[in-house]
Amino acid sequence: MWLHSLFLLATTLSVFTATAAFDPVTTGIALNISQATYCLSDTSMESDAWDCATCSSDVTFETTHAAHGELVLFGYIAERGSLFVAYRGSSNIQNWIDNVQIRQESPYSDVSVGVEHGMYSLYASLRNDVLSTLDILSSKYGTKHLLVTGHSLGGALATLTVFDIMYASAPFIIDDLVTFGSPRVGNDRFSQYFDKFDVRIARVTHYYDMVPHVPETFLGYQHIRGEVWFNEPSTSYVECHGTEDPTCSDSCSPLHCTSTSDHVMYMGLPMGSGGLC
């Protein structure tokens, strides 16, 4: 019932606010998968583990990878002919924000690209296993198409995954990057690469959610394109322009971007470890 209602919401929104750039149905699929990462245990490996409230029968659960406090979820979406990879966010939002490492590092051959040290270190510790699993599933399902998603810190890891694959010209076709309440990940040069990448991006933000405002721009960070900003009751949204649109989520800056409750509610779905499972 919940999944059916969510897709009805997405369809209704698409009638009066969406353009071709934003796909509410794909975003709804990604939302359910992103929340499912919080509901599976670190040892969930078998198909019978796929029984949470957002574990949709429209997708095929394959496996998970758990390491360093992170869980990565893999599967297949038959209707799209696409694999998916989803990253779990932090279980303690405020504690994670307090421990964001504002230091940037430059791990790519283009040394002008800077990314937040802590986020990148976590991603780098997962990367080989993630790419290896995707290679196996690509062979199994005969597809290179990919949807990458995540909420909160998971959105940052999803963003790094897409950058890594696109920057290295890895043999995958990324159709969609969909994040919910993602923090900023890198500097302006990092953001500029996403303007060149041929991938549809929905960087979904919710009203006064505080997480998209860290790390701060004055520290040299900049969001990627694709923001879709939902109002507080999630009854309408704005497709934003550029990377830091002052009429969207940034409109609450600097004094009102303080909500943790907006961070754990996306498109009407309770998110996180205390969300709908």
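Anything mentioned here points back to the structure above.
Predicted model, so just to flag it, every value in this text is computed and none were measured.

### Considering the sheet that holds strand 3 (residues 82-87)
Within a sheet, each strand pairs with its neighbour through backbone hydrogen bonds, oriented either parallel or antiparallel. Strand order in the open sheet formed by eight strands is 1-2-3-6-7-8-9-10, with mixed pairing between adjacent strands. Two strands in the sheet have a free side with no partner beyond their single neighbour: strand 1 (60-67) and strand 10 (237-239). Along the sheet, successive strands turn relative to each other by an average axial angle of 15°, direction set aside. Strand contacts of helix 4 (residues 117-141): strand 1, strand 2 (70-77), strand 3 and strand 6 (145-151), with the helix running at about 20° to strand 2, the strand carrying the most contacts.

### Some points on the pairing of strand 8 (residues 200-206)
In terms of burial, strand 8 is a largely internal element, six of the seven residues being buried. Sheet topology places strand 7 (residues 173-180) next to strand 8; five bridges connect them, and they run parallel. Within the sheet, the bridge partner assigned to D176 lies in strand 8 and is R200. Traced from strand 7 through helix 6 (residues 188-196) to strand 8, the parallel crossover comes out right-handed. For strand 8 and strand 9 (residues 227-230), the ladder comprises four bridges, and the chain directions are parallel. In the strand pairing of strand 9, H206 is matched with F230.

Analysis parameters
Residues numbered from 1 in each chain as written. Predicted model: local features only at pLDDT ≥ 70, side-chain atom pairs only at ≥ 80, totals over all residues. Heavy atoms only, no water. Pairing = 2+ DSSP bridges. Helix = DSSP H or I, 4+ residues; strand = E, 2+ residues; numbered from the N terminus. Axes fitted to C-alpha atoms, helices over the stretch in contact; angles between N-to-C directions. Contact = heavy atoms within 4.5 Å. Buried < 20%, exposed > 50% of the residue type's maximum accessible area, 1.4 Å probe, protein only. Right-handed = clockwise from strand over helix to strand, strands pointing away.

Keep in mind that these numbers describe shape and distance, not what the molecule does.
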